[in-house]
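# Secondary and tertiary structure notes
Residues per chain are reported as follows:
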Amino acid sequence: AQSVTQLDSQVPVFEEAPVELRCNYSSSVSVYLFWYVQYPNQGLQLLLKYLSGSTLVESINGFEAEFNKSQTSFHLRKPSVHISDTAEYFCAVSGTNTGNQFYFGTGTSLTVIP
Amino acid sequence: EAEVAQSPRYKITEKSQAVAFWCDPISGHATLYWYRQILGQGPELLVQFQDESVVDDSQLPKDRFSAERLKGVDSTLKIQPAELGDSAMYLCASSLLGASTDTQYFGPGTRLTVL
């Protein structure tokens, strides 16, 4: 089975500072990678995903993530965070070798400090 | 924009009681998922439906949990009897076809507290 590791459970960062949320997964065989965001008292929303092609994927609100096959990583970055980015972020992996099942990491709580 | 609906949003119950959660996926989505999210952890799949059929319930504690999607549209997840360890957020999600490349759309969840 796949596994997803998010090493940082909590990340505090000042407003307008850059941030990186780390995600590593257990296998590089035919995987698809996702970042979901969960705002307080809401369900998860897709932020961005990597399926194939360019290893750098971007979201509409300034986040980007890079698929690194050799390091089995899919770190999420933003050059300048806003207060509204405060949320829980989950990395997830799926693939043909997971039976189409999604495996989620334990989440990283991003807190943007004014 | 279409959304996944869940009810109730919050449920408090005593152990040994029965509870039920309801989910209405996005119209046209063939695949429906029930996840359990324990505080501080990521969602874990309980059961996956393709239309009205169960395709994966390997992580569903079948001695006390049951799920159905009789007409292939909305779904109900039941726990009987509830135990203290069942306290968690129960999330429903849907996707168009259930492929590993599909985006899953999540509802707001039902937060269950078992006393």
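See the structure above.
Residues numbered from 1 in each chain as written. Chains lettered and ligands numbered in written order. Predicted model: local features only at pLDDT ≥ 70, side-chain atom pairs only at ≥ 80, totals over all residues. Heavy atoms only, no water.

### Some thoughts on the overall build of chain A
On a plain count of helices and strands, chain A comes out with zero helices and 12 strands. For the C-alpha atoms alone, the extent of chain A along its principal axes is close to 45 × 30 × 25 Å. Burial status across chain A gives 48% buried among its 114 residues. Considering only contacts in chain A between residues 6 or more positions apart, those separated by 24 or more positions represent 57%. Total accessible area on chain A stands at roughly 5400 Å², and carbon and sulfur atoms take up 49% of it. With 5 positive and 9 negative side-chain charges, chain A shows a separation of 10 Å between the mean positions of the two kinds. (Helix = DSSP H or I, 4+ residues; strand = E, 2+ residues; numbered from the N terminus. Buried < 20%, exposed > 50% of the residue type's maximum accessible area, 1.4 Å probe, protein only. Contact = heavy atoms within 4.5 Å. Areas by Shrake-Rupley, 256 points an atom, 1.4 Å probe, with all protein chains shown as cover. Lys, Arg positive; Asp, Glu negative; His and termini not counted. Charge placed at Lys NZ, Arg CZ, Asp CG, Glu CD.)

### Focus: the packing of aromatic side chains
Taken as a whole, this structure holds 12 aromatic pairs over all chains when the rule is applied. Ring plane angle 20° and centroid distance 4.4 Å describe the contact between Tyr 50 of chain A and Phe 67 of chain A, whose orientation is recorded as stacked. One end of the pair, Tyr 50 of chain A, is in strand E6 (residues 44-50); the other, Phe 67 of chain A, is in strand E8 (residues 64-68), with 17 residues separating them in the sequence. Residue Tyr 50 of chain A shares its accessibility class with Phe 67 of chain A, and that shared class is buried. Seen from their ring centres, Phe 104 of chain A and Phe 106 of chain B are 6.1 Å apart, and the 80° between their planes marks the pair as edge-to-face. Residue Phe 104 of chain A is found in strand E11 (residues 103-104), and its partner Phe 106 of chain B is found in strand E10 (residues 105-106); the two belong to separate chains. (Phe/Tyr/Trp six-rings, centres within 6.5 Å; stacked < 30°, edge-to-face > 60°.)

### Section: the environment of Val 31 of chain A
All names here are of chain A. Mapped onto the fold, Val 31 is located in strand E5 (residues 31-38). What makes Val 31 buried here is its relative accessible area of 6%. Spatially, the C-alpha atom of Val 31 lies 5.7 Å from that of Ser 94, the residues being 63 residues apart in sequence. Residue contacts for Val 31: discarding those within four places in its chain leaves Gln 2, Tyr 25, Phe 67, Val 93 and Ser 94.

### Remarks on the side chain of Arg 36 of chain B
All names here are of chain B. Among the structural elements, Arg 36 can be located in strand E4 (residues 31-37). Although Arg 36 lies buried, it forms no salt bridge, and the closest oppositely charged side chain, Asp 86, sits 4.0 Å away as judged by the N-O distance. Every residue in contact with Arg 36, bar those within four places of it in the chain, is listed here: Gly 42, Pro 43, Glu 44, Leu 46, Phe 65, Asp 86, Ala 88, Met 89 and Tyr 90. (Salt bridge = Lys/Arg side-chain N within 4 Å of Asp/Glu carboxyl O.)

### Quick look at empty space enclosed by the protein
Counted according to the given criterion, the structure contains one cavity of 30 Å³ or more. Lining the largest cavity, in full, are Asn 41 of chain A together with Arg 9, Tyr 10, Met 89, Pro 108, Gly 109 and Arg 111 of chain B. (1 Å grid on protein atoms, 1.4 Å probe; cavity = no way out; pocket = protein on both sides within 12 Å on 5 of 7 lines; lining within 4 Å. Points joined across faces, edges and corners; volume = space filled by probe spheres on them.)

### Quick notes on the sheet that holds strand E1 (residues 5-7) of chain B
Residues and elements named next belong to chain B. With antiparallel pairing, the four strands of this open sheet are ordered in space as E1-E3-E8-E7. The two strands at the open ends of the sheet, each matched to only one other strand, are E1 and strand E7 (65-68). The mean inter-strand angle of the sheet, taken between neighbouring strand axes irrespective of direction, is 15°. In the sheet, E1 pairs with strand E3 (residues 19-24) via three bridges, with the strands oriented antiparallel. Bridge pairing links Ser 7 to Trp 22 in E3. (Pairing = 2+ DSSP bridges. Axes fitted to C-alpha atoms, helices over the stretch in contact; angles between N-to-C directions.)

### Overview of the state of the cysteines
All names here are of chain B. Here the structure, examined in full by the defined rule, presents two disulfides over all chains. Paired by a disulfide, Cys 23 and Cys 92 hold their sulfur atoms 1.9 Å apart. Disulfide Cys 23 to Cys 92: torsion about the S-S bond roughly -70°, handedness left-handed. In this pair, Cys 23 is assigned in strand E3 and Cys 92 in strand E9 (residues 88-95), connecting sequence segments 69 residues apart. Grouping residues by exposure puts Cys 23 and Cys 92 together as buried. (Disulfide = S-S within 2.5 Å.)

### Structural notes on the pairing of E7 of chain B
Successive side chains on a regular strand alternate, one facing one side of the sheet and the next facing the other. Residues and elements named next belong to chain B. Relative to strand E8 (residues 75-79), E7 runs antiparallel, the two being bridged by four bridges. Within E8, the position partnered with Ser 66 by the bridge is Lys 78. Counting the residues in the hairpin turn of E7 and E8 gives six residues, including Gly 72, whose phi is positive at 75°.

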